[in-house]
Amino acid sequence: MARKQKTIKEIFTNGLVVQNPVFVQFLGICPTLAVTKSVESALGMGAGVVFVLVLSNLAISLIRNFVPREVRIPIYIVIIASLVTVLEMFMKAFVPDLATSLGTFLSLIVVNCLILGRAEAFASKNGPLKSAADGLGMAIGFTGGIVLIAFFRELLGAGTVTLWGDIAIELIPADYQVGILVQAAGAFLVFGVIVAQINKFRLGRAERNEVI
Amino acid sequence: MKHLNIIITLTLVVLISSIGVYFVEDITTPIIDAYNIRQANLAKFEVFPELEATDDISPEEDYDFTGTTITELIIVDGKGYIYSAEFQGFQSIITYMIGIDLDGNLTGYKTLTQGDTPGLGAEIANPDFYPQFIGLSTDDAADGNIDGIGGSTITTGGLIGSLNKVIEFHNVEFEGAVAETPEMRLIRLKEEITEVGATFTDVSSDYDLTNTPITKVEKANDTAVIYTITAEGYYPGILYLVAFDLTTNDIIGFRVIEHSETPSIGDVIDDETFQAQFDDLDQDEVDSIGGSTATVTLGGIKTTLEEVVIFHKAEFQGIVVETEDMKRDRLWLELFPEATEFRDIYRDYTAHHDIEEAYEVYNGAVYLGNLYFVIADGASYSEETYVEFYLGIAADKTFTGFRMWDDNETPGRTNDFYLNEYGDSYTGDNIEEEYIIDDIAGSTLTNNILQGLALDVAVYHIEVYLGLVFARPENKELVDADLRLAYPSASSFNSVYDDYTYDDHIYNIYEALDGSDAVIGYVYYGHAEGYTGAEIEFAWGVDLTGLTQKLAILNDTESWEYAQEWRDYDGSQGYWPDTPWITNFDNVLFSDLLSDPDIDDVANVSTTTENMRIVLEGIAQYHSDESVGGAG
């Protein structure tokens, strides 16, 4: 184990870019496809994931030394589920419109594999500060990913970019919109194109040659 | 030991998580509930901005909303009132909600549902319509001091009427206003049309009010009589009062007690200007009442009022005017003087499109005959007209007589049909033989129609009621030479009338055969009544395509003398039947005769030509109806 210890900054940027959960790790694809019809709901979903992931990583990291191996997963799930429940109540109380538009996907954050994945892969092995940084980086990376997809889907599919409530910028007239992009299939299309572009830059020339 | 550790850890985590969730829930639940209440009652928050989710907004159940148009009332404790109400718009029930604060001002208005015309009545649901109600005093709202919707008087009128009732209810229940009870209002209305302070005595039991629209008769101080009358307007349920002076017997007042007529149209009957017409109205001038474009509503008032006048004349002036019921009874007894019972059998037999009523007539247990009531199309070509009459058929298959009930044929032309002499000319005629019935000069068309209908009834009586075969008269025969006048290219003829239904204007129908005995057409041997009363007999050929050959007049006593001074028929063109008019019926398609009967009758000989034309057109119709030779 001659691995060099990463700094907090490295851990944060790791999730943000290098190991982006959406485009590199392909974690949490379910909400990626479901709530990316508009930038607004993608932002809302992202904020929810930031909340849950940072707190769950922190909590799990704090108790990592007391948790018996055999029941660690059930315990993670209890913690994550409680956090999601709390998040859902807050959202319904203070941003009810957003809660309505996210609908059942808000509750389904519980089963977002990104969260359980980070708990198992990182928080259970690292200190609280690093775990929080990892959670924040991953969650913001996730948010960035789904907002990017939502931006293209909404812009090209519906011609608008909705930031909050009724604040929508109408950019493309109805005649030039690509209706399929706001359908379920459109999410796959946009997702695939963005991943392809990212891979083009991420992988080295040699690797690309290999692929060919 | 390890197991214990697992259990303790799990328990602790679950416990701590649950406590956390519990506290969050405690904070957020009231906020979420308030939001949900607000969402579910958006309209109430909109019309009553001071409303808060914590307020009790359960509807009140202890109020009687009858006649107020109110569907729901919410009392917001210490803040005000929220009313839901509904009214009839132009073509839909419109529901709306208003809020009223404790100062007696409206806090808002919102239309909940409506289905009126888009762009007109539907504008009542346009949010631009709402702000004018905010801060409006209830007095203004009750008086209808609002900006209505352009071009939608009915919708606006309905809203104003409903608002008025809602505010009236509100003022009575919550502002201490004293409501006029229906009883008080009724007395006020009665006093308005008679005398203030008069004593009203109900004398209804002294009179037989059956078959009258009158529900109550009251005397006011023995100087006037007040009738309470039900009438049907555009909607049922008009109840009104009318007063007659007992000295002059003039109408002295009219008030509507209740009605459901359309706002701004039928409801003018509740208007002072309209009611003023009755303040001193001659009892025979009821028909002069006007001032309303609501013909149906007005018609309902006039019809009933005319019946009341008849009643009043009979009971208070000793003038007996025959009512419709009395007239009906009289006519029935004229047709069956011995009758003690008329048993309705109309629905026991197959319907006939002209027969509206049918009765079996008995004297005790002795069957006397059948009475039929016929409503049929009249003679006019230019407009829909009708004739209505009673026809009696005795047990021995003779007519007992005919009685005209009503018609709207050319005014004046039908008077003679109402005479008993006319009706009695049917009496004794065997219904299965040719009828000897008086003709009414000048009303040939009606005359022929009535005789045709009498035959229809006779056939119905025999075939449907008695279930027998109508005995048609013997066919009359023509010699080939006469037939060939109508169908010159035929070489022989063969009677086929027995294959078709009997028609009283057709003596016989022949097939026209060529040299090889193939059918090339038909010849109708028919007759029409001429001016002199004698029959005009004719033969008329038609080929298989419905194209007529010749119309040959075989026998008549007509004269063209009257036509001699008449334009084209100056006599030089020959006397009847050798006139150009007859050739109108040569070489013409039956279908053209029926679809476009533009052959004019000839003035001065109109009786002859009219009769001929009707009979010939009837034959064309018969040819098609009976599918003679496959025509149709």
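Note that this is a predicted model, so its numbers are computed, not measured.

Reading the values: the criteria
- Residues numbered from 1 in each chain as written.
- Chains lettered and ligands numbered in written order.
- Predicted model: local features only at pLDDT ≥ 70, side-chain atom pairs only at ≥ 80, totals over all residues.
- Heavy atoms only, no water.
- Helix = DSSP H or I, 4+ residues; strand = E, 2+ residues; numbered from the N terminus.
- Rg over C-alpha atoms; globule rule 2.2 N^0.38 Å.
- Buried < 20%, exposed > 50% of the residue type's maximum accessible area, 1.4 Å probe, protein only.
- Areas by Shrake-Rupley, 256 points an atom, 1.4 Å probe, with all protein chains shown as cover.
- Lys, Arg positive; Asp, Glu negative; His and termini not counted.
- Charge placed at Lys NZ, Arg CZ, Asp CG, Glu CD.
- Expected span 1.5 Å × (residues − 1).
- Contact = heavy atoms within 4.5 Å.
- Core = buried A, V, L, I, M, F, W, Y, C linked by side-chain atoms within 4.5 Å.
- Buried area = accessible area lost by both parts, 1.4 Å probe.
- Salt bridge = Lys/Arg side-chain N within 4 Å of Asp/Glu carboxyl O.
- Polar contact = N/O pair within 3.5 Å; in protein donor to acceptor, adjacent residues only side chain to side chain.
- Pairing = 2+ DSSP bridges.
- Axes fitted to C-alpha atoms, helices over the stretch in contact; angles between N-to-C directions.
- Parallel < 35°, antiparallel > 145°, perpendicular 65-115°, else oblique.
- Left-handed = near helix turned anticlockwise from the far one by under 90°.
- Phe/Tyr/Trp six-rings, centres within 6.5 Å; stacked < 30°, edge-to-face > 60°.
- Lys NZ or Arg CZ within 6 Å of the ring centre and 35° of its normal.
- Patch = residues over 30% accessible without salt bridge, like charges linked within 9 Å, V, L, I, M, F, W, Y side chains within 5 Å.
- Domains from an automatic or database assignment.

**Here's the deal with the overall build of chain A**
Here comes step 1: When its secondary structure is counted, chain A shows 10 helices and two strands.
Here comes step 2: In sequence order, the secondary structure elements of chain A are arranged as α-α-α-α-α-α-α-α-β-β-α-α.
Here comes step 3: Since a compact globule built from 212 residues should have a radius of gyration of about 17 Å, the 18 Å found for chain A is in line with a globular shape.
Here comes step 4: When its C-alpha atoms are laid out on the principal axes, chain A stretches across 60 × 55 × 25 Å.
Here comes step 5: Across the 212 residues that make up chain A, the buried fraction comes to 45%.
Here comes step 6: By element, 67% of the accessible surface of chain A is carried by carbon and sulfur atoms, the whole surface being about 10800 Å².

**With respect to the overall build of chain B**
Here comes step 1: Looking only at helices and strands, chain B features 13 helices and 19 strands.
Here comes step 2: Here the C-alpha atoms of chain B give a radius of gyration of 39 Å, more than 25% beyond the 26 Å that 2.2 N^0.38 yields for 632 residues.
Here comes step 3: Here the C-alpha coordinates of chain B stretch approximately 125 × 95 × 60 Å along the principal axes.
Here comes step 4: Residues classed as buried in chain B amount to 46% of the 632 residues present.
Here comes step 5: For chain B, the exposed surface amounts to about 30800 Å²; the carbon and sulfur share of it is 50%.
Here comes step 6: A gap of 4 Å separates the mean positions of the 28 positive and 119 negative side-chain charges of chain B.

**Re helix α7 (residues 295-317) of chain B**
Residue and element names in this part refer to chain B.
Here comes step 1: Relative to the 33 Å expected for 23 residues at 1.5 Å per residue, α7 spans 31 Å between its end C-alpha atoms, a close match to the ideal helical length.
Here comes step 2: For α7, every residue scored as buried is listed here: T297, L298, G300, I301, K302, T304, L305, V308, V309, F311, H312 and K313.
Here comes step 3: For α7, the secondary structure elements touched by its buried residues are β6 (214-220), β7 (224-231), β8 (238-245), β9 (251-258) and α6 (272-276).
Here comes step 4: Phi for G318, located one or two positions after α7, is positive at around 70°.

**Quick notes on the nonpolar core**
General note: in soluble globular proteins, nonpolar side chains tend to be found buried as a group.
Here comes step 1: By size, the foremost hydrophobic cluster in this structure holds 47 residues, and its most contacted members are M45, V49, V52 and I109 of chain A.
Here comes step 2: Ignoring anything within four residues of it in the chain, the contact list for V49 of chain A reads V54, I109, N112, L114, A139 and F142 of chain A.
Here comes step 3: In this structure, I355, A358, V387 and Y422 of chain B belong to the second largest nonpolar core, which totals 30 residues.

**A word on the interface of chain B and chain A**
Here comes step 1: On the chain A side, the residues contacting the 15 residues of chain B number 18 residues.
Here comes step 2: For the chain B and chain A pair, buried surface summed over both sides reaches about 1500 Å², with 84% attributable to carbon and sulfur atoms.
Here comes step 3: Where chain B meets chain A, there are zero salt bridges.
Here comes step 4: Remark: the boundary between chain B and chain A carries two residue pairs in polar contact (both at pLDDT 80 or more).

**Considering the pairing of strand β3 (residues 93-101) of chain B**
All names here are of chain B.
Here comes step 1: Among the nine residues that make up β3, eight are buried, leaving the element largely enclosed by the rest of the structure.
Here comes step 2: Two strands pair when backbone bridges link them, and strand β2 (residues 80-88) and β3 are joined in this way by nine bridges, in the antiparallel orientation. Across the sheet, residue G80 finds its bridge partner in β3, namely D101.
Here comes step 3: The antiparallel pairing of β2 with β3 creates a hairpin that spans four residues between the two strands.
Here comes step 4: As paired strands, β3 and strand β4 (residues 106-113) are joined by six bridges and run antiparallel to one another. Across the sheet, Y96 pairs through a bridge with T111, a residue of β4.

**Points about the packing of helix α7 (residues 113-123) of chain A against helix α8 (residues 128-158) of chain A**
Residue and element names in this part refer to chain A.
Here comes step 1: Between α7 and α8, whose axes approach to 11 Å, the crossing angle comes to 150°. When the interaxial angle is binned, α7 and α8 end up roughly antiparallel. When the axes of α7 and α8 are compared, the crossing they make is right-handed. Contacts from L114, R118, F122 and A123 of α7 reach α8 at K130, S131, D134, M138 and F142.

**Observations regarding the packing of aromatic side chains**
Residue and element names in this part refer to chain B.
Here comes step 1: Considering all chains together, one arrives at 44 aromatic pairs over all chains under this definition.
Here comes step 2: Their ring planes at 55° and their centres at 5.1 Å tell us that W540 and F590 sit as a pair that is tilted. Placement of the pair is W540 in strand β18 (residues 535-543) and F590 in helix α12 (residues 590-595), with a sequence separation of 50 residues.
Here comes step 3: Each member of the aromatic cluster is reached from another via a ring pair, and the members are Y63, F65, Y81, Y83, F169 and F174.
Here comes step 4: Over the ring of F200 we find K190; its NZ or CZ atom is 5.4 Å from the centre of that ring.
Here comes step 5: The cationic tip of K327 hangs over the ring face of W405; the distance from NZ or CZ to the ring centre is 4.5 Å.

**Regarding the environment of I265 of chain B**
Here comes step 1: Tracing the backbone shows I265 of chain B in the loop between β9 and α6.
Here comes step 2: For I265 of chain B and G157 of chain B, which are 108 residues apart along the polypeptide, the C-alpha to C-alpha distance reads 9.8 Å.

**Comments concerning a nonpolar patch on the surface**
Here comes step 1: Taken together, the side chains of L4, I8, L12, L15, I16, I19, Y22 and F23 of chain B make up a nonpolar region of the molecular surface, amounting to roughly 830 Å² of accessible area.
Here comes step 2: Here F23 of chain B lies in helix α1 (residues 2-40).

**Brief notes about the sheet that holds strand β12 (residues 366-377) of chain B**
All names here are of chain B.
Here comes step 1: One open sheet holds the five strands; their spatial order is β10-β11-β12-β13-β14, and the pairing between them is antiparallel. In this open sheet, the two strands that pair with only one neighbour each are β10 (341-344) and β14 (399-407). In this sheet, adjacent strand axes meet at a mean angle of 25° when their direction is disregarded.
Here comes step 2: Of the strand pairs in this sheet, β12 and strand β13 (residues 386-394) are connected by nine bridges, and their pairing is antiparallel. Bridge assignment links I375 to a residue of β13, and that residue is E388.
Here comes step 3: Across the sheet, helix α8 (residues 324-335) lies against β10, β11 (355-363), β12, β13 and β14, angled at about 160° from β14, the strand it touches most.
Here comes step 4: Lying over the sheet, helix α10 (residues 444-465) contacts β11, β12, β13 and β14, oriented at roughly 135° with respect to β12.

**Overview of the sheet that holds β18 of chain B**
All names here are of chain B.
Here comes step 1: What the five strands build is an open sheet, ordered β15-β16-β17-β18-β19; its pairing is antiparallel. The two strands at the open ends of the sheet, each matched to only one other strand, are β15 (492-495) and β19 (548-555). On average, each strand axis in the sheet is inclined to that of its neighbour by 25°, with strand direction left out of account.
Here comes step 2: Bridging between strand β17 (residues 519-529) and β18 involves nine bridges; their strand directions are antiparallel. Note that in β18 the partner of E529 across the bridge is E535.

**Describing the domain arrangement of chain B**
When the parts of a complex come together, some accessible area is lost, and that lost area is often taken as the interface size.
Here comes step 1: The domain architecture assigned to chain B consists of domain 1 (1-40), domain 2 (70-174), domain 3 (182-321), domain 4 (327-465) and domain 5 (480-630).
Here comes step 2: Taking only C-alpha atoms, the centre of domain 1 of chain B and the centre of domain 3 of chain B are 76 Å apart.

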